[in-house]
Every structure is written in structure tokens, then in C-alpha cells.
Amino acid sequence: GLGRSLLQPLGWGFEGELPNTKKCLIIAAPHTSNWDFVLGMLAMLAIGLKANWMGKASIFVGPFKPLLIWAGGIPTVRDKNTGAVEQRIKVFQEHDKLVLGIAPEGTRSATDTWKNGFYHIAEGAGIPFFPIYWDYEKKVVGLLPLYHPTGDKDVDIAALQALFKNVKCKFPENAKWQNNH
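For clarity, every value in this text was computed on a predicted model and none was experimentally measured. Just so you know, the residues in each chain are numbered from 1, in the order the chain's sequence is written. In view of the model being predicted, local features appear only for residues whose pLDDT reaches at least 70, and side-chain atom pairs are presented and counted only at 80 or more, with totals across whole chains, interfaces and linings using the full set of residues. Hydrogens and water are ignored here; the side-chain numbers use all heavy atoms of the structure.

K.L.:
Before we go on, may I ask you to explain the side chain of His-31 in this structure?
P.N.:
Each helix is a run of DSSP H or I of at least 4 residues and each strand a run of E of at least 2, with the numbering of both proceeding from the N terminus. Within the secondary structure, His-31 is located in the loop between β2 (23–28) and α2 (34–47). Residue contacts follow a heavy-atom distance rule, with two residues in contact if any of their heavy atoms lie within 4.5 Å. In this structure, His-31 is in contact with Asp-36, Ala-103, Glu-105, Thr-107 and Arg-108, ignoring residues within four places of it in sequence.

K.L.:
Is there a simple way to explain the pairing of strand β3 (residues 52–56) in this structure?
P.N.:
What makes two strands pair is DSSP finding at least two bridges between them. Where β3 lies against strand β5 (residues 98–102), two bridges are found, and the strand directions are parallel. Its bridge partner being in β5, Trp-53 is matched across the sheet by Gly-101. Sheet analysis places β3 next to strand β4 (residues 73–76), joined by four bridges and oriented parallel. Its bridge partner lying in β4, Lys-56 is registered against Thr-76. A clockwise course of the path from the first strand over the helix to the second, judged with the strands pointing away from the viewer, identifies a crossover as right-handed. You can see the chain leave β3, run along helix α3 (residues 64–70) and come back into β4, and the turn it takes is right-handed.

K.L.:
Just checking my understanding: could you explain a nonpolar patch on the surface for this structure?
P.N.:
A contiguous nonpolar patch, built from Trp-35, Phe-37 and Val-38 and spanning about 290 Å² of accessible area, is present on the exposed surface. Residue Phe-37 is classed as partly exposed on the basis of its relative accessible area, which comes to 33%. Residues enter patches when their relative accessible area tops 30% and they take part in no salt bridge; the joining distance is 9 Å for like charges and 5 Å for the nonpolar side chains Val, Leu, Ile, Met, Phe, Trp and Tyr. Accessible surface is estimated by sampling points in the Shrake-Rupley manner with a 1.4 Å probe; for residues, cover comes only from the protein chains shown. Salt bridge criterion: a side-chain nitrogen from Lys or Arg within 4 Å of a carboxyl oxygen from Asp or Glu. Using a 1.4 Å probe on the protein chains alone, a residue whose accessible area is under 20% of its type maximum counts as buried, one over 50% counts as exposed, and one in between counts as partly exposed.

K.L.:
Which parts of the structure should I look at to understand unusual backbone geometry?
P.N.:
Negative phi is the rule for most residues except glycine; trans is the rule for most peptide bonds. Cis geometry is adopted by the peptide bond preceding Pro-30, which originates at Ala-29 and carries an omega value of -15°. Mapped onto the elements, Pro-30 comes out in the loop between β2 and α2. The backbone phi angle of Lys-139 is positive, close to 55°, even though this residue is not glycine. Among the structural elements, Lys-139 can be located in the loop between β6 (129–135) and β7 (140–143). According to the relative accessible area criterion, Lys-139 is partly exposed, its value standing at 36%.

Here it is in C-alpha cells:
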């Protein structure tokens, strides 16, 4: 109730429904603003979704660190090869139930591509993607149907990006990849 009680007065609602799956990789896009994180956390509370999420390690500092970890945060070092993909695959293999969220762009800054790590995590763990978006124009958090990787990374990423083509993000100039479709 807390998430809904905070989202509704702001005019935000939901489209779609939660999938019936024990394991999946949420891909939340387009990610162009810090507000995406706030909306994402409120949406998880509102729909009762227990999920972990990956965030850059630099936000896990000071008094916020325990709170972010309690809220499902997993610090990720992005500036060097740390084997994060292999670590996430192993975590999925070790758990009967796990939902992990990630922004496929890997940044809020302007980008015309998605990173590949999210794809390799899902493919390596044998799990589907659960696409979620925040449409700032319609004020809607959208829950899309599961998408199962086919093994053709380029085809799958293009298909996933097409799902977000008409989503109006907070800062469209940072989601250059949306113009590729």
C-alpha cells in the first residue's frame, strides 16, 4: 500500500501485470534520470515485487549503504572487468527464486547503445527478460510480457529495444538508442 499511496497522488499508474515466474531479469528502460530509481522502488512496493537490482558501487556509501542493500541493491563495479556477469549467473543458479533488475544502458547519460552484460546474464542463467518502463508523458509504469532469449544477441536486443520505442522517458536526449528503430 505504501508504494501505491505515494504513486497515485503523483498521478502515476500501471499497465500490464506481473509474470508468473520464479526467475527473471528485469530490464528497466529507458533509464535517463535518477527519478527512474525512485519510481522503480515505489512501483516495486506498490505491486509487491520482491526484486534485487544492480547499481553502480559509488552510490553504496555512507548512511545510505545499508538502506540500499536492504532495498535489494547489489553494488556493481563498472570501471573494470570484475566478472560481474559470471557472478550473477552463478547467483541465479544457486537460487530457486530470484528476480534481478538492471538498466540495459548501464548509465543515465546519453547513449545510443545498450551494454551486453544483461543479455549474457539472462542467456547464461537460462532465464527470461521482464521488460519494465516508466512513461513520463502518460505517467505509467509498464510491465511487459516476458521475453525469452533466442541465442541471437543482436536480434534479441533489437526486439527488446523495439518494445521501448514509444516510451517517453524523462530526458529523451539521453535515450539515443530509441531512435535506432
